[in-house]
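# Fold and geometry: a report
Below, each chain spelled out in residue letters.
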Amino acid sequence: MPPFPTPLLAPPAWATASVESASNAAATPLLAARSDEQAVAIWLAEYADRPRTWAAYRKEAERFLLWLRELGLKLGTVKREDVLAYRAFLAAPPAHWTGPSRPRIHPDWRPLTGPLSAASQHQAQTILAGLYSYLNHAGFVSGNPFRLLRQKAPPTQRTQERFLSETAWQAVLECVATLPRETAREQAHAERALWLISLLYLTGARRSEVAGARMGDLFERKGLWWWAVQGKGGKIARIPCSEELMAACQRYRQSLGLPAQPAPGEDTPLLAQIPLRKAGPLLPLGDKGIYLVVRELFRRAAQRTDDPGICQQLKQATTHWLRHTAATHQLEAGVPLIVVSQNLRHSNLQTTRRYLHTEDEARHAASGVHSLRSRASDTDKEKPGD
């Protein structure tokens, strides 16, 4: 199976590219681009201050460019029929386009791990529509074929279905507690896994927030520890760090040979790669690495359970499920709704309210009072003249 080409959109390679797009040879002065790759990279540069958004947009744009290249098309020649064909392609990609999740630089990397869900297809369409809108306004393309599609929102999965049940969560904790520790490297993996699970569960943080964080982002004020998080849109927020979380942090730091508490301005990654050499530098574990570590833990936990339902739940779970699990368990433990909402940095309280499963259970129980039999009994008790 031939490898896919090296990244088409790895900056700053676009700045020196010289391949000219046949359909866009007469680019207007609004966009100094001579190829599709250059034009897309300029669009991506608009999101340079939002790394998470940049990464998501780059993934979709590069995937689309690879598809166009395979068909011999250019951005400026795409018609509505091509957009429909691309959507069908995402729903059922050919085998040579799919493979296990790997780093982009891996020779066996593939653009897809499998067919995209309806929601993911819709997201890809929305991102590419934004790309074409930008290029159209810049005069690089003459229209936006994605805007011709009927805008139909995909069916959404209910948020409360994407959290770990108490049994599944206990299976994860038992898995982490029993990770192999026979070698120094295995011990390093086990300590990092314990710290990562503690961090994601006790704070409800997104994995992208963990990937970009440093130990110096943890700070003490009036005897209390906080985590200064840069979330969506570059917004800075403070998350309370419990004594349990700081104890987990201390254990992880000591496993790295660091002092027990973070120092102000400390540049050590909040979550580090396992160094190849014992005295090697501590490099941050990236967003993809965090995802793979958590997925591996879920896979191991699934193998340890005899319950088919729990096994299936763990096989489906992703890193983001821990955020939902954190919110659900906090609310079930009696943490006020407004506090959970603030900790998760939700802009709307109704977003947090979706994790109040006890409300659903109470409503279901109360609805049971209303029944055919009880109504008939009340009618029988009525007497003439009442």
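Counting of residues starts from 1 at the beginning of each chain's written sequence and follows it residue by residue. Reporting of local features is limited, given that this is a predicted model, to residues whose pLDDT is at least 70; pairs of side-chain atoms are given and counted only at 80 or more, and all residues count toward the totals for whole chains, interfaces and linings. For side-chain calculations, the full set of non-hydrogen atoms in the structure is used, while hydrogens and water are omitted.

Looking at an unreviewed UniProt entry, one finds the protein named Site-specific recombinase XerD and attributed to Gulbenkiania mobilis. UniProt positions are given in the numbering used here, feature names are shortened, and annotations may be inferred rather than shown by experiment. Looking at the Subcellular location (unreviewed entry) heading of the UniProt record, one finds this comment for the protein: "Cytoplasm".

Our next topic: the overall build of the protein. Numbering of helices and strands starts at the N terminus; helices are DSSP runs of H or I of at least 4 residues and strands are runs of E of at least 2. The helix and strand inventory of the protein stands at 15 helices and 3 strands. Residues are treated as being in contact if the distance between any of their heavy atoms lies within 4.5 Å. For the protein, contacts bridging at least 24 residues in sequence account for 61% of all contacts bridging at least 6. By element, 54% of the accessible surface of the protein is carried by carbon and sulfur atoms, the whole surface being about 21700 Å². Accessible areas in this description were obtained via Shrake-Rupley with a 1.4 Å probe; residue shielding takes into account the shown protein chains only.

Inspection of the secondary structure assignment puts Ser142 in the loop between α4 (118-137) and α5 (166-177). Exposure categories follow from relative accessible area, calculated using a 1.4 Å probe and restricted to protein chains: below 20% of the type maximum is buried, above 50% is exposed, and the middle band is partly exposed. Residue Ser142 is classed as exposed on the basis of its relative accessible area, which comes to 76%. Separated by 66 residues in the primary sequence, Ser142 and Gly76 have C-alpha atoms spaced 7.0 Å apart.

By the convention used here, strands pair only if DSSP detects at least 2 bridges between them. Sheet architecture is open: 3 strands sit in the order β1-β2-β3, paired in antiparallel fashion. Here the strands that pair on one side only, and so sit at the sheet edges, are β1 (218-221) and β3 (236-241). Across the sheet, the mean angle separating the axes of adjacent strands is 35° when strand polarity is ignored. Bridge count for β1 against strand β2 (residues 224-230) is 4 bridges, and the pairing is antiparallel. Along β2, the bridge assignment pairs Leu218 with Trp227. To get an axis, a line is fitted to the C-alpha atoms, and for a helix only the part in contact is used. The angle between two axes follows their N-to-C directions and goes from 0 to 180 degrees.

A few words now on the confidence of the model for the protein. On average, residues of the protein score 82 in pLDDT, and 78% of them are at 70 or above. Within a predicted model, pLDDT stands for the predictor's per-residue confidence, ranging from 0 to 100. Mean pLDDT values over the elements of the protein span from 53, in helix α14 (residues 357-367), up to 95, in helix α8 (residues 243-255). Under a pLDDT of 50 for its full length, residues 12-28 has, in the predicted model, 27 contacts with residues more than four places off or in other chains. Across residues 156-160 the pLDDT falls below 50, and counting only partners more than four positions away or on other chains, this stretch makes 8 contacts in the model.

Moving on to unusual backbone geometry. Positive phi outside glycine occurs at Lys222, with the angle close to 55°. Position of Lys222 among the secondary structure elements: in the loop between β1 and β2.

Moving on, we get to the environment of Ile236. By the secondary structure assignment, Ile236 is in strand β3. Counting along the chain gives 109 residues from Ile236 to Arg345, while the straight-line C-alpha distance between them is 9.7 Å. Setting aside chain neighbours within four positions, we find Ile236 in contact with Val229 and Gln230.

This part covers the packing of helix α3 (residues 80-91) against α4. Two elements in contact, α3 and α4, have axes separated by 10 Å at closest approach and are oriented at 145°. The chirality of how α3 crosses α4 is right-handed. Here Tyr86, Arg87, Leu90 and Ala91 of α3 come into contact with α4, specifically with Gln121, Ala124, Gln125 and Leu128. In this scheme, a crossing is called left-handed if the near helix is turned counterclockwise away from the far one by less than a right angle; it is called right-handed if the turn is clockwise.

Below, the discussion takes up the packing of helix α2 (residues 51-71) against α4. At a closest axis distance of 10 Å, the pairing of α2 and α4 adopts a crossing angle of 85°. One element, α2, and the other, α4, form an angle in the roughly perpendicular class. In this structure, α2 uses Ala56, Tyr57, Glu60, Ala61 and Phe64 to contact α4, whose residues at the interface are Ala124, Ile127, Leu128 and Tyr132. Ten residue types, Ala, Val, Leu, Ile, Met, Phe, Trp, Tyr, Cys and Pro, are classed as nonpolar, four, Asp, Glu, Lys and Arg, as charged, and the remainder, Gly among them, as polar. Per-class residue counts for the contact of α2 with α4 are 8 nonpolar, no polar and 1 charged. Orientation labels follow simple angle bins: below 35 degrees gives roughly parallel, above 145 gives roughly antiparallel, 65 to 115 gives roughly perpendicular, and whatever is left gives oblique.

The next point concerns helix α9 (residues 287-304). Side chains of residues three or four places apart in an α-helix project in the same direction, reflecting 3.6 residues per turn. Here, expected helix span is obtained from the residue count minus one, scaled by 1.5 Å. In this model α9 runs 26 Å from its N-terminal to its C-terminal C-alpha over 18 residues, within 8% of the 26 Å that 1.5 Å per residue would give. Looking only at α9, the buried set comprises Ile290, Tyr291, Val293, Val294, Leu297, Phe298, Ala301 and Ala302. Against α5, α6 (184-203), α7 (207-211), α10 (308-316) and α11 (319-332) lie the buried residues of α9.

With that settled, the discussion passes to the packing of aromatic side chains. Between 30 and 60 degrees the pair is tilted, below 30 it is stacked and above 60 it is edge-to-face, where a pair is any two Phe, Tyr or Trp rings, Trp via its six-membered ring, whose centres lie within 6.5 Å. What the rule picks out here adds up to 14 aromatic pairs. Pairing Phe64 with Phe146 gives two aromatic rings, centres 5.7 Å apart and planes at 70°, and the pair type is edge-to-face. Linking Phe64 in helix α2 with Phe146 in the loop between α4 and α5, this pair joins segments that are 82 residues apart in sequence. For Phe146, a relative accessible area of 2% corresponds to the buried category. An aromatic cluster of at least three residues, connected via ring pairs, comprises Phe64, Trp67, Tyr86, Phe89, Trp97, Tyr132 and Phe146. Any Lys NZ or Arg CZ that is within 6 Å of a ring centre and within 35 degrees of that ring's normal is treated as a charge sitting over the ring. Here the guanidinium or amino end of Arg104 rests over the ring plane of Trp109, the centre of that ring lying 3.6 Å away. Above the plane of the ring of Trp226 lies Arg238, whose end atom (NZ or CZ) is 4.8 Å from the centre.

Below, the discussion takes up the side chain of Ser198. Note on placement: Ser198 falls in helix α6. The exposure class of Ser198 is buried, given its relative accessible area of 14%. When near neighbours in sequence (up to four residues on either side) are disregarded, Ser198 contacts Thr203, Leu245 and Ala248.

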